[in-house]
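What the coordinates show
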Amino acid sequence: MNEELIIGIDLGTTNSLVGVVDSGFPLILADRDGDRLTPSCVSWPEEGPPLVGKEAFRSRMVAPERTVSSIKRFIGRPFSDLSPEERNDSAFPLVVGARDEILVEIDPDTLVTPVEISALLLARLKSVAEEALETPLARAVVTVPAYFNNSQREATKQAAVLAGFTVERILNEPTAAALAYGLDKLDESATVAVYDLGGGTFDLSVLQMRDGFFEVISTAGDTRLGGDDFDRAIAGHFATALALGTLGPGEEATLLARAREVKEALSTEEKVTARFPFLRGNESFELEVTRADLERWLAPVIERTRPIARRAFAEAARKGVGEVERLILVGGSTRIPFLREKLREWFGLDPDLSQHPDESIALGAAIQAGMLCGRVREIILVDVTPLSLGIETFGGLMNVILPRNSTIPVKAGELFTNAVDRQQSMAIRVLQGERELAKDNWLLGEVTVPFSPGPKGSARVGVQFAIDRDGILEVLARDTATGEDHVLEIRNAAVDVDDETVERMIGESIDHAFEDMNERIWTEAKLKSEELLPAVDEALAQAGHLVPTEDRAGIDEAVAGVRSALASESHDAAALKAANAALDEATQTLAALLVEIAFSGEGS
């Protein structure tokens, strides 16, 4: 076993690749047939072991229900997260497991998980690399979309372990592509954007390159948007044009295969004829398709990438980063001429086509692997986390501990205390999202920290968030009185984040920014009111008889003002804050009397 060598793997939706740094240069390893692309496809024949890669891809027309492709879209997600379209449009049967996990039903006796299917793909890549390098291998860097959440990253890591790897790093795909782009530009400084549209996922990341230092500034994406959506859109138009009605599994597989062929052909030609021999019994069909047809069909899908890309650009601008100088395209779907034209129109940049659309991510993974084992030097890579992380605080607010686009690896923490008297424990509810209120974000996990009951503010619980280089989160909660630690790792058992909803949430966080902030201010003011009113009642019970009549009238009026503002259905935060301030001002004399009583030792 070669314990020193680390390989880089691009586990793709459509195709997967494996690379290594040899003699200082990254290269993609080919199988015994000279093919560098391994189709991300697994098929289970009626008898014998599963077929993986090219053999499985050839089986998809014969046995579509026993052949699995694009499994990357399902890894690390619970079954309840699937949309009706995903369940109905899947070319292979999906069923729910006992723990809400997704299972692929090959037949009644064969149920497999996305992790197990991905492990078969990774094992094939491992054998390709071992045969090419003529040495056993056990260490790897594996890429994932930048917007994969903790559960999806951990599931990918589990698949690699199941395939026999020690995973040295989980690397974001756009970051890998930027590494491949910048290897021969170590003496340059530039701000670049990587537009990565693959078979099943889309990411855009903005990075700064400075003398071999790579820093990811911002990232945005959708893990359910890619070339598969192009194929489905084209196949849908085929079915409509041919008036096929309800499709059988074999017919659907044929339409998708022809859709992909037409999409690829029209990247270089103006018109093609799609042929469907014996599609339905003895019936055969032909359909002429022009590039204009293709552009019309794909425009709605391509348009979905625009707001995502703009969001990453805007986030970079907010951080003081200058204009993006280069727009690097990676992913097989970026070969479409219409897509390149739209990018030029949207962003005023000529797309940089210097990177191989299919191979750049694997090359970047190989470079990262080479950095880790000492085969590549003089590169420093800094990545970011794409979503804010925090905990729920008293009043149902989201307290952000790690803001989105924080540089990783990263560690941060805060100290929290009990909000009420005689509280015996604190529930640390870990949230992910961009909204001000906890209820509008996602609960990733929860851990309870017990402590000795005491007055309000007497307990001290430290909460620390740590994200490692793989983007996986660990939460540590410590009772400072006892030193006892409680650790929560966000893994597959955590509630997953719906990636389409992630995109919607970030948009909503902008759309509802003023409403959300007003609600936060209202909640904070309400908490203050709920502290003030009992405190004023208690103070009046002790020293109310000493307060001058005019001051007492002012206090009563201010108390009424706070109660009225609290009762308002409009949740006017400014009015409640003003009422609190008025009550603070009105009770100045009362507060002074309480101090005098305390020093004199008098009672009420």
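Residues numbered from 1 in each chain as written. Predicted model: local features only at pLDDT ≥ 70, side-chain atom pairs only at ≥ 80, totals over all residues. Heavy atoms only, no water.

Structural notes on the overall build of the protein
Within the protein, the regular secondary structure consists of 16 helices and 29 strands. With respect to the principal axes defined by its C-alpha atoms, the protein has extents near 100 × 55 × 55 Å. Counting only residues that meet the buried cut, the protein has 54% of its 604 residues in that class. Residue pairs in contact within the protein that sit at least 24 positions apart in sequence constitute 67% of those at least 6 positions apart. Here the protein displays about 26400 Å² of accessible surface, and carbon together with sulfur accounts for 50% of that area. Here the protein contributes 60 positive and 100 negative side-chain charges, whose respective centroids are spaced 3 Å apart. (Helix = DSSP H or I, 4+ residues; strand = E, 2+ residues; numbered from the N terminus. Buried < 20%, exposed > 50% of the residue type's maximum accessible area, 1.4 Å probe, protein only. Contact = heavy atoms within 4.5 Å. Areas by Shrake-Rupley, 256 points an atom, 1.4 Å probe, with all protein chains shown as cover. Lys, Arg positive; Asp, Glu negative; His and termini not counted. Charge placed at Lys NZ, Arg CZ, Asp CG, Glu CD.)

Remarks on helix 15 (residues 573–586)
Taking 1.5 Å of rise per residue, the 14 residues of helix 15 would be expected to cover 20 Å, and the 20 Å separating its terminal C-alpha atoms lies within 8% of that figure. Regarding helix 15, the residues found buried are A573, L576, A579, N580 and L583. Considered in projection along helix 15, the buried side chains sweep an arc of 125 degrees and stay on one side of the axis. Opposite its buried face, helix 15 presents the exposed residues A574 and E585, each directed more than 90 degrees away. By the N-cap criterion, in which a side-chain oxygen at the helix start approaches the backbone nitrogen of a residue two or three places on, helix 15 is capped by D572, the distance to A574 being 3.2 Å. (Expected span 1.5 Å × (residues − 1). Arc of directions from axis to C-beta. Polar contact = N/O pair within 3.5 Å; in protein donor to acceptor, adjacent residues only side chain to side chain.)

So, the packing of helix 8 (residues 291–303) against helix 9 (residues 305–318)
Across the interface, helix 8 lies against helix 9 with an axial gap of 5 Å and an inter-helix angle of 30 degrees. In terms of their interaxial angle, helix 8 and helix 9 are classed as roughly parallel. In this structure, helix 8 contributes V301, I302 and E303 to the contact, and helix 9 contributes T305, R306 and P307. For the contact of helix 8 with helix 9, the per-class residue count stands at three nonpolar, one polar and two charged. (Axes fitted to C-alpha atoms, helices over the stretch in contact; angles between N-to-C directions. Parallel < 35°, antiparallel > 145°, perpendicular 65-115°, else oblique. Nonpolar A, V, L, I, M, F, W, Y, C, P; charged D, E, K, R; others polar.)

Focus on the domain arrangement of the protein
In terms of domain boundaries, the protein breaks down into domain 1 (6–184 + 356–374), domain 2 (227–301), domain 3 (389–495) and domain 4 (513–600). Its C-alpha centre places domain 2 at a distance of 50 Å from the equivalent point of domain 3. (Domains from an automatic or database assignment.)

Thoughts on the nonpolar core
Y195, L204, F238, F276 and L327 are the most contacted members of the largest nonpolar core, which has 51 residues in total. A per-element tally of this core places helix 6 (residues 227–241) first, with six residues. The residues touching L204, leaving out its near neighbours within four places in the chain, are A193, V194, Y195, S218, T219, A220, A309, A312, F313 and L327. (Core = buried A, V, L, I, M, F, W, Y, C linked by side-chain atoms within 4.5 Å.)

Focus on helix 10 (residues 337–347)
For helix 10, the set of buried residues is P337, F338, L339, K342, L343, W346 and F347. Looking at the buried positions of helix 10, the neighbouring elements they touch are strand 13 (189–197), helix 8, helix 9, strand 18 (326–330) and strand 19 (351–352). Once helix 10 finishes, G348 follows within two positions and takes phi at roughly 65 degrees, a positive value.

Remarks on the environment of L37
With respect to the helices and strands, the residue L37 is situated in the loop between strand 3 (25–28) and strand 4 (38–39). Separated by 152 residues in the primary sequence, L37 and S189 have C-alpha atoms spaced 32 Å apart. Apart from residues no more than four positions distant in its own chain, L37 is found in contact with N15, S16, L17 and D358.

Some remarks on the packing of helix 6 against helix 8
Look at helix 6 against helix 8: their axes get within 9 Å of each other, and the N-to-C directions meet at 135 degrees. Relative to helix 8, the element helix 6 lies oblique. Handedness of the crossing formed by helix 6 with helix 8: right-handed. The residues of helix 8 that touch helix 6, namely those facing D229, F230, A233, I234, H237 and F238, are L294, W297, L298, V301 and I302. Of the residues assigned to the contact of helix 6 with helix 8, the class counts are nine nonpolar, one polar and one charged. (Left-handed = near helix turned anticlockwise from the far one by under 90°.)

What about the packing of aromatic side chains?
What characterises a pair of aromatic rings is the spacing of the ring centres plus the angle enclosed by the ring planes. Scanning the model with the defined rule gives six aromatic pairs in all. Ring centres of F313 and F347 lie 5.0 Å apart, and the angle between their planes is 35 degrees; this geometry places the pair in the tilted category. Here the residue F313 occupies a position in helix 9, and F347 occupies one in helix 10, the gap between them amounting to 34 residues. Of the two residues examined, F313 and F347, each falls in the buried class. Here the aromatic cluster, defined as three or more aromatic residues joined through ring pairs, consists of F238, F276 and W297. Sitting above the plane of the F57 ring, R60 keeps its charged end 3.7 Å from the centroid. Over the ring of F165 we find K126; its NZ or CZ atom is 6.0 Å from the centre of that ring. (Phe/Tyr/Trp six-rings, centres within 6.5 Å; stacked < 30°, edge-to-face > 60°. Lys NZ or Arg CZ within 6 Å of the ring centre and 35° of its normal.)

As for the environment of P84
Tracing the backbone through its elements, the reader meets P84 in helix 2 (residues 84–89). Put simply, P84 and G483 are 399 residues apart on the chain and 48 Å apart in space, counted from C-alpha to C-alpha.

Comments concerning the pairing of strand 13
Burial analysis of strand 13 places eight of its nine residues in the buried class, which makes it a mostly covered element. Bridge analysis of strand 13 against strand 14 (residues 202–210) gives nine bridges, and the strand direction is antiparallel. Paired with V194 across the strands is S205, a residue of strand 14. Between strand 13 and strand 14, which pair antiparallel and follow one another directly, the connecting turn spans four residues. (Pairing = 2+ DSSP bridges.)

Structural notes on unusual backbone geometry
For F278, which is not a glycine, the phi torsion comes out positive at approximately 50 degrees. Tracing the backbone through its elements, the reader meets F278 in strand 16 (residues 271–280). Residue class for F278 comes out exposed when judged on its relative accessible area of 57%.

As for the sheet that holds strand 22 (residues 397–402)
Pairing is antiparallel in the open sheet, where four strands are placed in the order 22-21-25-26. Whereas interior strands pair on both sides, the edge strands pair on one side only; in this sheet they are strand 22 and strand 26 (442–450). Strand-to-strand twist across the sheet, computed as the mean angle between neighbouring axes with direction ignored, equals 30 degrees. Of the strand pairs in this sheet, strand 25 (residues 425–432) and strand 26 are connected by eight bridges, and their pairing is antiparallel. When the sheet's bridge partners are listed, I428 is paired in strand 26 with V447.

Description of the sheet that holds strand 8 (residues 94–96)
Taken together, three strands build an open sheet; the order of strands is 8-9-10 and the sheet is antiparallel. Edge positions in the sheet fall to strand 8 and strand 10 (110–112), since each of these pairs with one other strand and no more. Sheet twist, expressed as the mean angle between neighbouring strand axes with direction ignored, is 40 degrees. When strand 9 (residues 102–107) meets strand 10, the two strands line up antiparallel, connected through three bridges. Pairing of V104 across the sheet is with V112, part of strand 10.

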